[in-house]
Amino acid sequence: MQIHETHCHSLYSGDVDKTRGASIDALCARACELGLGSIAVTDHLEIDQTMGNIFPPLDNEGIRRDVTAAKEKYSGKAEVVYGVELAQACHKMSKTQSILDEYKYDFIIGSVHCVRGFPDFSDMEYPAVSDGTLAHSWELYLAEMNEMVDWGGFDTLAHITYPYRYFHRHGREAIINVFEKGREQFEPVLRKIIHKGIALEVNTSGLRQHDGCTFPHTDLIKFYRELGGELVTVGSDAHYACDLAADIRETYLLLKELGFGSVVTFRERKPVFRDI
Ligand SMILES: [Zn+2]
Ligand SMILES: [Zn+2]
């Protein structure tokens with residue numbers, strides 16, 4: 001069974017530690033070492049550059065140059081996919097559109113890391129924020145995800161339930177109760193992506209970061225399948241070469257148990273089915 005990495009970050013991403021991060025070339029070299037079938041390089045394009053200003057404008061030119069070079073250098077070894085993690089696309093629609101017009105990505109991940117009026121969920125002052133405010137931010141998260149899916153200019157919906165990670169780390173997860181209410185909370189968005197042919201990402205980062213689950217967790221993946229969903233991308237969200245492809249094989253096995261026969265990668269924005 002060949003493994004495909006669909007979500008990872010190079011030194012171009014603002015949240016990668018400059019002393020430990022890897023260049024695009026180094027990530028692709030590592031992918032070849034691991035025998036991966038393909039690697040999508042998906043640096044953070046945070047449309048509103050949030051998270052305590054650690055996201056300066058992305059060097060889109062540098063990325064395009066490095067990915068183009070890597071595609072050629074590793075051709076015949078691992079397929080290098082020109083991807084991007086596009087976050088908060090709807091916060092500045094004209095900026096989003098002009099970047100997407102200019103850079104012809106193979107693969108676009110759609111993410112919500114923060115909602116209007118709030119910092120990134122990773123960056124909130126949890127002890128100081130009331131339960132009511134956190135509940136409100138979660139409602140906005142669901143609403144903004146629906147808004148982004150209604151727009152639909154991306155290929156896979158990233159790490160749904162993402163705020164759970166931070167609520168959980170601060171002991172506040174009971175506020176959202178996603179394990180019991182997830183089906184109800186995410187049903188509209190899951191139905192929409194299925195209808196639009198947008199894939200669901202299963203993000204494995206929670207397994208190695210001790211969050212205890214993938215994003216989304218197993219029951220929501222199962223629910224997506226029950227609703228008729230067939231397109232799944234699996235990505236580690238590695239920010240360092242040592243985490244590349246982490247837990248992807250195990251997640252493929254889980255998907256098989258849930259009835260999926262394949263995962264997808266993307267080439268020129270079109271799904272490519274990969275047997276698992
Ligand atoms: Zn993300
Ligand atoms: Zn990411």
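Residues numbered from 1 in each chain as written. Chains lettered and ligands numbered in written order. Predicted model: local features only at pLDDT ≥ 70, side-chain atom pairs only at ≥ 80, totals over all residues.

Moving on, we get to the overall build of the protein chain. A tally of helices and strands in the protein chain yields nine helices and 10 strands. The C-alpha atoms of the protein chain give 17 Å as radius of gyration, which agrees with the globular expectation for 276 residues (19 Å, within 12%). Dimensions of the protein chain along its principal axes, counting C-alpha atoms only, are 50 × 40 × 35 Å. Within the protein chain, the fraction of its 276 residues that count as buried is 46%. Expressed as a percentage of contacts within the protein chain between residues at least 6 apart in sequence, the contacts between residues at least 24 apart total 76%. (Helix = DSSP H or I, 4+ residues; strand = E, 2+ residues; numbered from the N terminus. Rg over C-alpha atoms; globule rule 2.2 N^0.38 Å. Buried ≥ 20, exposed ≤ 12 C-beta atoms within 10 Å, placed from the backbone. Contact = placed C-beta atoms within 7 Å.)

A two-sided burial pattern is seen for strand S2 (residues 38–41), the buried positions comprising Ser38 and Ala40 on one face and Ile39 and Val41 on the other. Examined bridge by bridge, strand S1 (residues 4–5) and S2 share two bridges and lie parallel to one another. Each residue of the ladder has a partner; that of His4, found in S2, is Ser38. As for the winding sense of the linkage, the β-α-β connection from S1 through helix H1 (residues 24–33) to S2 is right-handed. With four bridges connecting them, S2 and strand S4 (residues 79–87) associate as parallel partners. Residue pairing in the sheet places Val41 in a bridge with Tyr82 of S4. (Pairing = 2+ DSSP bridges. Right-handed = clockwise from strand over helix to strand, strands pointing away.)

Before going further, it helps to spend a moment on helix H9 (residues 248–257). Listed as buried for H9 are Ile248, Thr251, Tyr252 and Leu255. Buried residues of H9, seen end-on, are gathered within an arc of 105° and therefore sit on one face of the element. For H9, the exposed residues lying more than 90 degrees away from the buried face are Leu253 and Glu257. If you follow the buried residues of H9, they end up packed against S1, strand S7 (199–203), strand S8 (232–235) and strand S9 (262–267). Just downstream of H9, Gly259 is the residue with a positive phi angle, here 105°. (Arc of directions from axis to C-beta.)

What follows concerns the confidence of the model for the protein chain. In the predicted model, the protein chain carries a mean pLDDT of 96, and 98% of its residues have values of at least 70. Per-element averaging of pLDDT across the protein chain places strand S3 (residues 44–46) at the bottom with 94 and S7 at the top with 99. (pLDDT = per-residue confidence, 0-100.)

This next bit is on the nonpolar core. Ranked by internal contacts, the top residues of the largest apolar core, which has 77 residues, are Leu27, Ile39 and Val232. Residue contacts for Leu27: discarding those within four places in its chain leaves Cys8, Ser10, Ala22, Ile39, Val41, Ala241 and Leu244. (Core = buried A, V, L, I, M, F, W, Y, C linked by C-beta atoms within 7 Å.)

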